[in-house]
Amino acid sequence: MTATTDVSERGPLALAIIDTLVHRIGKDERAARPHDWLEATILTLRNEIIERWMESTKAAHAAGAKRVYYLSLEFLIGRLLRDTLANLRHRDEVGDALRQLGVDLSAIEELEPDAALGNGGLGRLAACFMESLATLDLPAYGYGIRYVNGMFRQRIDDGWQVELPETWLAHGNPWEFERRESAYFVGFGGEVTGDEAGRVHWKPGEAVEAVAVDTPVVGWRGKRVNTLRLWTARSLDPFKLDAFNRGDFEGAMADQLRAESLVRVLYPNDSTAAGQELRLRQEYFFSSASIQDIVRRHIQYFGDIRTLPDRAAIQLNDTHPAVAVAELMRLLVDHHELDMDAAWAITRATFGYTNHTLLPEALESWPLPLFERLLPRHMQLVYAINAKLLREARAAEGIDDRAIAAISLIDEGGERRVRMANLAFAGAHSVNGVAALHTQLMKSTVFADLHRLYPDRINNKTNGITPRRWLQGCNPALTSLIAEAIGPDFTDDAQKLPALAPFAEDAGFRERFAAVKRANKVALAEHVRDTIGLRLDPDAIFDVQIKRIHEYKRQLLNLIETVALYDQIRSHPERDWTPRVKLFAGKAASSYVNAKLIIKLANDVARRINGDPSIGGLLKVAFLPNYNVSLAERMVPAADLSEQISTAGMEASGTGNMKFALNGALTIGTLDGANIEIRDQVGADNIVIFGMTAEEVAAKRAGGYAPRAVIENSAELAQAVNAIASGVFSPDDPNRYRDLMNGLYDHDWFMVAADFDAYAAAQREVDRRWGDRDGWQRSAIRNTANMGWFSSDRTIGEYAREIWGVL
Ligand SMILES: *Cc1c(COP(=O)(O)O)cnc(C)c1O
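What counts and what doesn't
Residues numbered from 1 in each chain as written. Predicted model: local features only at pLDDT ≥ 70, side-chain atom pairs only at ≥ 80, totals over all residues. Heavy atoms only, no water. Helix = DSSP H or I, 4+ residues; strand = E, 2+ residues; numbered from the N terminus. Rg over C-alpha atoms; globule rule 2.2 N^0.38 Å. Buried < 20%, exposed > 50% of the residue type's maximum accessible area, 1.4 Å probe, protein only. Contact = heavy atoms within 4.5 Å. Areas by Shrake-Rupley, 256 points an atom, 1.4 Å probe, with all protein chains shown as cover. Lys, Arg positive; Asp, Glu negative; His and termini not counted. Charge placed at Lys NZ, Arg CZ, Asp CG, Glu CD. Salt bridge = Lys/Arg side-chain N within 4 Å of Asp/Glu carboxyl O. Near = heavy atom within 4 Å. Polar contact = N/O pair within 3.5 Å; in protein donor to acceptor, adjacent residues only side chain to side chain. Nonpolar A, V, L, I, M, F, W, Y, C, P; charged D, E, K, R; others polar. Phe/Tyr/Trp six-rings, centres within 6.5 Å; stacked < 30°, edge-to-face > 60°. Lys NZ or Arg CZ within 6 Å of the ring centre and 35° of its normal. Pairing = 2+ DSSP bridges. Axes fitted to C-alpha atoms, helices over the stretch in contact; angles between N-to-C directions. Core = buried A, V, L, I, M, F, W, Y, C linked by side-chain atoms within 4.5 Å. Disulfide = S-S within 2.5 Å. Parallel < 35°, antiparallel > 145°, perpendicular 65-115°, else oblique. Left-handed = near helix turned anticlockwise from the far one by under 90°.

Caption draft 1: Here's a closer look at the overall build of the protein chain. A count of helices and strands for the protein chain gives 33 helices and 24 strands. Its C-alpha atoms give the protein chain a radius of gyration of 27 Å, near enough to 28 Å, the size a compact globule of 807 residues would have. C-alpha extents for the protein chain along the principal axes are approximately 90 × 80 × 60 Å. Expressed as a percentage of its 807 residues, the buried residues of the protein chain come to 60%. Intrachain contacts of the protein chain at a sequence separation of at least 6 include 76% that bridge at least 24 residues. Carbon and sulfur atoms make up 51% of the accessible area of the protein chain, which amounts to about 30300 Å² in all. Distance between charge centroids for the protein chain: 1 Å, based on 93 positive and 110 negative side chains.

Below you can see the structure in the form of structure tokens.
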């Protein structure tokens, strides 16, 4: 990438990039490496953003606007350059300028590290929401942690997952601004005392400093630039010179190391192993810094803490920041000297809480002794809040002792624990689910008693995805094709996409739609060849399941069906099989043994099937390493079939399902989460639904489910399970999958066996539809046309009107 072009042809933007390269990075163009061009481009772009950013802040301030604060332990933002350029409508201009310098914009975009500060859907939702908040011109701050390593990088060694640190900051981060002036003390432990005037004092035993690091978030058309404020940690005494001079080099830095460990990595939220205390520390660290920042800003602008709910809406993305409820109470009572009732009214009016899971093992709770030791003052406040809550409950009708125990912030069954979901519920005026079914189940299951006490609190906000990243950014060819057909208005309002529906009847349009998909598949096939050395046929069905590896998401169901299909193809080679490529990607929590084994199984199955010449290439299986936003952006536009096959009632919403359908994939899925609403939007004829409903799953559980009989009654299933169990796919270790398969016979918590026959039949239905080329393309177009409702702009509009009161 050396400058070979005529210097006299360089425009002002090219000269600005050179200027940045020389004066900010200290290199001339001959010495510049691709990373230097990336950095110079981002820094140049930043100059324009900064002005808009300051304007956005000033305008909000001048208007006295209410601000939205989105607290999330995860922000899965991915790369920012392409998105930002597209939103500023600058991509062509910057591409031209770089071309004048002999640099290829697409190539440097690919060098940008993928900021993986999240596990999966919850973190990606936070990132989509930040973009939509800016797009809707709402003043908002995202608050989270600036993890030095974030989510681990996944390598596959001999089929096994290996976790490596993600070094996304290795080349620095040109997007961010450290705000040393925005720093707060965050204390832990110590003791609480009272004085004669009745005031309470918390003297923490240790403290760190939280320092703000800001990243600009640019909305569509650059209308507004909001702030993603991530906290980093600094020791109050980072370097002890006296210790150093005594020769104690490690001791001299020990406090700083301890502080840094707070922001080192994101603990996978379904990890069951250690790191528990560190996770609670992380949650309090970022919640406390964020609440202090919000309160400071409010006082600075408006003077009176009692007007906080009129000027600030704080949304808790799941329970990870729920301790913020107690933190705000602490500041109101201890620092602003409000009485408990006044403080509680302000707190409730300020917070909203979004629930993301009903799985009992994923509902956060902390052992009481740990909570009390780390946060003694908050423990007192939790008790005080609980007393108020339970008094209210006792006074309500129809609340018996069992209900009181369920409502309590303290779980008294067995080891006493602080229930974060109950704290968030009690401390918020709005509690929302993320898809219609999920919200309904919140009311009837985990929150049934709290719902009886506060029947108006639970509401639904079905998730969404930003179409800027998940259509326009990742699928430019489809975006152009849609614009040719219906004009460009859909880029400003995804709800205009339905105008595309009539084009499903246009044979010429169907051909062009199919050609875009095929080109995307060719591009993905090249990537697969380059990364894992496997050749794929772009005319086969690309059948994709990418998401965290978890038993409830049932990658195992897909793999067992893959094995069954492999058997069928071998047994009946004369049949007219549809060529298929099964693509998998996803990370398993490092402590989740079965999920890691499922990754190994996918790789073992792939090795065996891909290496078997007798099936004539009709079936290929690939596991792509290191699933992240960037990989999703490659895979989603190339999928024909989207696998959304969770056990009904277990996937709160899903957002991967939305990305695929928007890009013209058909869904094979259960009636779970947002799949139900996707079916309602795209039409039952354009989606393949199978399996038990949430009600049927619950009934089967209650009625004593006997998977052994189910397996023995299904020849196809029994054969596949027994082949895996007996080591057909693991000749090097025949017992590798014995326990995993025995689990299906013994309990099958996730009802893989119960849904297997329906799933296999649905897959043959997919083959049949694929055989009707026109019919398939019609369905694909209708998917794209009818997915506009799932824009996160629609979701954020609902939050803004119905929860935050800012629209
Ligand atoms: C969208 C997305 C998810 C969520 O996928 P689900 O299928 O809804 O679980 C997870 N990870 C990444 C990188 C994503 O982009």
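Now, onward.
Caption draft 2: Fine view of the pattern of salt bridges. Inspection of the entire model under this criterion finds 74 salt bridges. When the shortest N-O distance is used, the salt bridge between Glu 48 and Arg 52 registers 3.0 Å. Taken together, the residues Glu 48 and Arg 52, both in helix α2 (residues 34–63) and four residues apart, mark about one turn of the helix. Overall, the relative accessible area of 26% leaves Glu 48 in the partly exposed class. Accessibility expressed as a relative area gives 27% for Arg 52, which makes it partly exposed. Two residues, Asp 604 and Arg 607, come together in a salt bridge whose shortest N-O distance is 4.0 Å. Taken together, the residues Asp 604 and Arg 607, both in helix α23 (residues 593–610) and three residues apart, mark about one turn of the helix. A relative accessible area of 54% means that Arg 607 is categorised as exposed.

Caption draft 3: Highlighting the environment of Ala 674. Mapped onto the elements, Ala 674 comes out in the loop between β23 (666–669) and α26 (675–682). Judged by its relative accessible area of 0%, Ala 674 falls in the buried class. What Ala 674 contacts, discounting residues up to four positions off in sequence, is Ala 435, Ala 652, Ser 653, Gly 654, Asn 657 and Met 658.

Caption draft 4: Layout of unusual backbone geometry. With a phi close to 50°, Asp 748 is a non-glycine residue in the positive phi region. Following the sequence through the fold, Asp 748 ends up in the loop between α30 (738–746) and α31 (752–771). The backbone of Met 751 sits at a positive phi, close to 60°, despite the residue not being glycine. In this fold, Met 751 is placed in the loop between α30 and α31.

Caption draft 5: Structural view of the site of the ligand. The full set close to the ligand counts 16 residues, and Lys 547, Lys 553, Thr 655, Gly 656 and Lys 659 are the nearest of them. Lys 547 is positioned with one of its side-chain polar atoms (N or O) 2.7 Å from an oxygen atom of the ligand. Relative to its free-state accessible area of 390 Å², the ligand is covered by the protein chains to the extent of 96%. Broken down by secondary-structure element, the contributors of at least two residues to the shell around the ligand are α6 (121–135), α24 (629–635) and α25 (656–662). The residue makeup of the shell around the ligand, split by class, is six nonpolar, six polar and four charged.

Caption draft 6: Summary view of the packing of aromatic side chains. Using the criterion set out here, one finds 22 aromatic pairs in the structure. Judged by centre distance (5.7 Å) and plane angle (80°), the ring pair of Tyr 184 and Trp 231 falls under edge-to-face. With Tyr 184 in strand β7 (residues 177–188) and Trp 231 in strand β11 (residues 225–235), the pair connects residues that are 47 residues apart, well separated along the chain. Exposure remark for Trp 231: the relative accessible area of 0% places this residue in the buried category. Positioned above the aromatic ring of Phe 542, the side-chain terminus of Lys 521 is 4.9 Å from the ring centre. Just above the ring of Phe 152 sits the side chain of Lys 587; from NZ or CZ to the centre is 5.5 Å.

Caption draft 7: The sheet that holds strand β13 (residues 351–354), seen in detail. An order of β7-β10-β11-β4-β1-β12-β13-β17-β18 is seen for the nine strands of this open sheet, with the pairing classed as mixed. Both edges of this open sheet fall to β7 and β18 (458–460), since each of them pairs with a single strand only. Sheet twist, expressed as the mean angle between neighbouring strand axes with direction ignored, is 25°. Two elements, strand β10 (residues 206–218) and β11, share 11 bridges in a ladder whose sense is antiparallel. Its bridge partner lying in β11, Thr 215 is registered against Leu 228.

Caption draft 8: Structural view of the nonpolar core. Ranked by internal contacts, the top residues of the largest apolar core, which has 230 residues, are Leu 71, Phe 285, Ile 291, Phe 371, Ile 560, Leu 583 and Trp 804. Those residues in contact with Leu 583, other than ones at most four positions away along the chain, are Leu 524, Val 528, Leu 536, Phe 542, Asp 543, Val 544, Gln 545, Ala 622 and Met 635. Judged by nonpolar contacts, the second largest core, of 29 residues, contains Ala 14, Ile 17, Leu 38 and Trp 53.

Caption draft 9: View of the state of the cysteines. Summed over the entire model, instances satisfying the criterion amount to zero disulfides. In this structure Cys 474 is a free cysteine whose sulfur lies 11 Å from that of Cys 128, the closest cysteine sulfur available. With a relative accessible area of 10%, Cys 474 lands in the buried category.

Caption draft 10: Layout of the packing of helix α22 (residues 555–571) against α31. Two elements in contact, α22 and α31, have axes whose closest approach is 10 Å; the angle formed by their N-to-C orientations is 55°. Judged by the inter-axis angle, α22 sits oblique to α31. As for how α22 packs across α31, the hand of that crossing is right-handed. Packed against α22, whose contacting residues are Leu 557, Asn 558, Ile 560, Glu 561, Ala 564 and Leu 565, the element α31 presents Val 752, Phe 756, Tyr 759, Ala 760, Gln 763 and Arg 764 at the interface.

Purely geometric stuff here, so don't read any function into it on its own.
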